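Observations on the three-dimensional arrangement
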Amino acid sequence: MQTVLVTGALGKVGRWTVAELAGDYELVGVDRFEPERAGSGAVEYLAADLTEQGPAWEIAARVEPDAVVHAAAVPGAGHRAPTETFLANVASAYNVLAAAGEVGADVVWTSSEATYGVTFGEEARPLETLPIDETHPQRPEDGYGLSKVVGETIADRTVRRYGISVTSVQPSWVQLPGAYETPAIRDAFDLDDPTPSGSLWSYVDVRDVATMIRRAIETDREGHERYLAAAADNYLDVPTADAIEAAWGTLPDECSLEGDESAFSTAKARAELGWIPDHSWRQAERADVDPPLSEEAGR
């Protein structure tokens with residue numbers, strides 16, 4: 001059985017990724033603290049500060065994983081000061097990816113749609129096409145988005161230096177089943193007087209992020225590739241192009257959005273990973289799903 005090392009294992013994406021992979025892989029989870037309750041005991045948990053090189057390299061050397069899932073990060077803008085967010089995310093990405101390279105482990109890590117510069121900006125950056133895909137220019141304007149662009153550059157360097165493969169998963173706004181944050185925004189939305197959305201009203205269910213990570217681990221390929229992860233629809237229940245044009249007063253010349261289609265394309269992930277988003281807000285907002293080991297279990 002192959003071994004997968006998961007960083008940020010007690011965070012939102014990390015917990016659901018561990019649940020997705022459990023039973024099929026030997027799992028070692030790393031976070032800032034160990035959980036008080038480790039569930040079934042099928043996962044070994046270690047505590048480490050991955051912004052420090054030593055712990056990252058020592059853990060990788062001891063575990064000798066076949067693959068590394070790097071989900072440890074400040075999860076977005078506004079959680080910490082921009083400089084702290086940038087430094088923490090870049091340092092941990094460099095340390096973990098280099099450590100994986102040293103032991104020859106392929107990497108799947110969580111980048112972000114924020115690399116394209118729409119998310120968290122007070123007004124949309126000029127969009128060249130809709131839907132946005134992985135070829136769209138990256139124009140981050142905050143410390144979080146910039147940290148993810150630098151992380152993708154680190155991924156390029158890691159591939160060149162070590163010859164492993166690296167997959168950058170770029171999730172949209174990640175939502176938890178039964179606890180979506182989208183209803184309040186949808187209820188307040190007025191097409192005649194809309195408030196712009198940094199994510200262009202896109203989102204993704206955390207379970208779909210976890211299945212993309214699995215697909216990336218199990219797809220045999222080389223080099224560094226980026227894949228957007230978004231639900232098929234927006235969460236407004238109105239045409240996406242109409243909402244964008246109403247909020248910002250314009251659409252790019254190249255716009256092929258139909259209905260409530262997501263503003264972020266997942267065509268590349270569908271074609272190359274065989275991944276499709278299975279969950280929509282229509283069912284998932286009210287879903288009664290037992291969560292995996294909670295973050296609070298470690299505190």
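Along each chain, residue indices are assigned from 1 in the same order as the chain's sequence is written. Reporting of local features is limited, given that this is a predicted model, to residues whose pLDDT is at least 70; pairs of side-chain atoms are given and counted only at 80 or more, and all residues count toward the totals for whole chains, interfaces and linings. Working from all heavy atoms in the structure, the side-chain values ignore hydrogens and water.

**Quick word on the nonpolar core**
Just so we agree on the cut-off: For the purposes of this section, nonpolar cores are sets of buried Ala, Val, Leu, Ile, Met, Phe, Trp, Tyr and Cys residues that join through side-chain atoms within 4.5 Å. Only protein chains enter the area calculation, which uses a 1.4 Å probe; residues under 20% of their type maximum are buried, those over 50% are exposed, and those in between are partly exposed. What counts as a helix is a DSSP run of H or I of at least four residues, what counts as a strand is a run of E of at least two, and both are numbered from the N terminus.
Formed by 33 residues in total, the largest nonpolar core has its most connected members in Val-4, Met-212, Ile-213 and Ile-217. Of all elements in the fold, only strand S1 (3-7), helix H1 (12-21), strand S3 (43-47), strand S4 (67-70), helix H6 (206-218), strand S10 (224-229) and helix H8 (267-273) reach the threshold of two or more residues within this core. In terms of residues, this core owes the most to one element, H6, which gives seven residues. Listed in part, the 26 residues of the second largest apolar core include Leu-46, Ala-48, Tyr-162 and Val-166.

**Describing the packing of aromatic side chains**
Stated formally: Only Phe, Tyr and Trp rings take part, Trp by its six-membered ring, and two of them pair if their centres are within 6.5 Å. Stacked means planes under 30 degrees apart, edge-to-face means over 60, and tilted covers everything else.
The tally for this structure, following the rule as stated, stands at five aromatic pairs. Between Trp-173 and Tyr-235, the aromatic rings sit 5.8 Å apart at their centres with planes inclined by 65°, giving edge-to-face as the arrangement. Of the two residues, Trp-173 is situated in the loop between strand S7 (166-171) and strand S8 (174-175) and Tyr-235 in the loop between S10 and helix H7 (240-248); the sequence distance between them amounts to 62 residues. Looking at Trp-173, the relative accessible area reads 25%, which means it is partly exposed. Here the aromatic rings of Phe-189 and Trp-201 are separated by 5.6 Å at their centres, their planes lie at 75°, and the arrangement is edge-to-face. Residue Phe-189 is located in the loop between helix H5 (182-188) and strand S9 (204-205), and its partner Trp-201 is located in the loop between H5 and S9; the two are separated by 12 residues in the primary sequence. What makes Phe-189 buried here is its relative accessible area of 17%. Taken together, the ring pairs in this structure connect Trp-173, Tyr-180, Tyr-203 and Tyr-235 into an aromatic cluster.

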